[in-house]
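Here is what each chain is made of, one letter per residue.
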Amino acid sequence: QVQLVESGGDLVQPGGSLKLSCACSINIFSIVAMGWYRQAPGKQRELVARISTGGSINYADSVKGRFTISRDNAKNTVYLQMNSLKPEDTAVYYCRADRTVFSFVWGQGTQVTVSS
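Model, not experiment: these values are computed from the prediction.

> Quick rundown of the overall build of the protein chain? Include the residues and the values.
Of the regular secondary structure elements, the protein chain holds 0 helices and 11 strands. Its helices and strands in sequence order give the protein chain the pattern β-β-β-β-β-β-β-β-β-β-β, from N to C terminus. For the protein chain, whose C-alpha radius of gyration is 13 Å, the value lies close to the compact-globule estimate of 13 Å for 116 residues. Taken over the C-alpha atoms alone, the protein chain extends approximately 40 × 25 × 25 Å along its principal axes. Classification of the 116 residues of the protein chain by burial places 41% in the buried group.

> Any details on the packing of aromatic side chains? Residues and values, ideally.
Working definition: an aromatic ring pair is given by the centre-to-centre distance plus the angle between the planes. One pass over the structure, following the stated rule, counts 2 aromatic pairs. Look at Y37 and W106: their rings are 5.2 Å apart centre to centre, the planes differ by 70°, and that puts the pair in the edge-to-face class. On the criterion of sequence distance, the pair formed by Y37 in strand β4 (residues 33-39) and W106 in strand β10 (residues 103-106) is long-range, its members being 69 residues apart. For Y37, a relative accessible area of 9% puts it in the buried group. Relative accessible area serves as the criterion here: at 34%, W106 is assigned to the partly exposed category. Consider the rings of Y94 and W106, whose centres lie 6.2 Å apart with planes at 85°: the pair is edge-to-face. With Y94 in strand β9 (residues 91-100) and W106 in strand β10, this pair connects stretches of sequence that are 12 residues apart. With a relative accessible area of 15%, Y94 lands in the buried category. Each residue in the set Y37, Y94 and W106 is aromatic and connected to the rest through ring pairs, giving one cluster.

> Got a sec to walk through empty space enclosed by the protein? Specific residues and values, please.
Tallied over the entire structure, the rule returns 1 cavity of 30 Å³ or more. Roughly 50 Å³ of volume is contained in the largest cavity. Around the largest cavity sit I28, F29, I31, V32, A33, M34, I51, S52, T53, R71 and N73, which together line it. Only β4 and β5 (46-52) provide two or more residues apiece to the lining of the largest cavity. Tallied by class, the residues present in the lining of the largest cavity amount to 7 nonpolar, 3 polar and 1 charged.

> Would you mind going over the pattern of salt bridges in detail, with residue names and values included?
Under the defined criterion, the tally for this structure stands at 6 salt bridges. Ionic pairing is found between E46 and R38, a salt bridge with its closest N-O pair at 2.8 Å. Residue D89 pairs with R66 through a salt bridge whose shortest N-O separation is 2.8 Å. Placement of D89 in the loop between β8 (77-82) and β9 and of R66 in the loop between β6 (57-59) and β7 (67-72) is noted, with a sequence separation of 23 residues between them. Take D89 and R66: they sit in the same class, and that class is buried.

> Lay out the pairing of β10 with the relevant residues and their values.
Bridge count between β9 and β10: 4 bridges; the pairing is antiparallel. Within the sheet, the bridge partner assigned to A97 lies in β10 and is V105. The antiparallel pairing of β9 with β10 creates a hairpin that spans 2 residues between the two strands.

Basis of the calculations
Residues numbered from 1 in each chain as written. Predicted model: local features only at pLDDT ≥ 70, side-chain atom pairs only at ≥ 80, totals over all residues. Heavy atoms only, no water. Helix = DSSP H or I, 4+ residues; strand = E, 2+ residues; numbered from the N terminus. Rg over C-alpha atoms; globule rule 2.2 N^0.38 Å. Buried < 20%, exposed > 50% of the residue type's maximum accessible area, 1.4 Å probe, protein only. Phe/Tyr/Trp six-rings, centres within 6.5 Å; stacked < 30°, edge-to-face > 60°. 1 Å grid on protein atoms, 1.4 Å probe; cavity = no way out; pocket = protein on both sides within 12 Å on 5 of 7 lines; lining within 4 Å. Points joined across faces, edges and corners; volume = space filled by probe spheres on them. Nonpolar A, V, L, I, M, F, W, Y, C, P; charged D, E, K, R; others polar. Salt bridge = Lys/Arg side-chain N within 4 Å of Asp/Glu carboxyl O. Pairing = 2+ DSSP bridges.

Structural data, given as structure tokens:
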């Protein structure tokens, strides 16, 4: 039973920065990939950033150059550093652990609101 706990969501001003954390209950070396996804009201959930066990990283075009995904294997934690935040980034951000290609575990989500 894998558990994911996201934290770090907040209300920030446009242009501000925020760092999200996702703590995993098991060693993330056992996970195929860890990713951040987001969902705004009335919209579909979308991939933000993803990092595989081998270190391969991919980002959504909308966040390239602004967001950085990273991990700390010793702490079993993945991070999302968000800079130059825009109102369009407002959403609930979810952490997802891909145990296999067919098995995923979602965190509870953390709210990010970008507004002046």
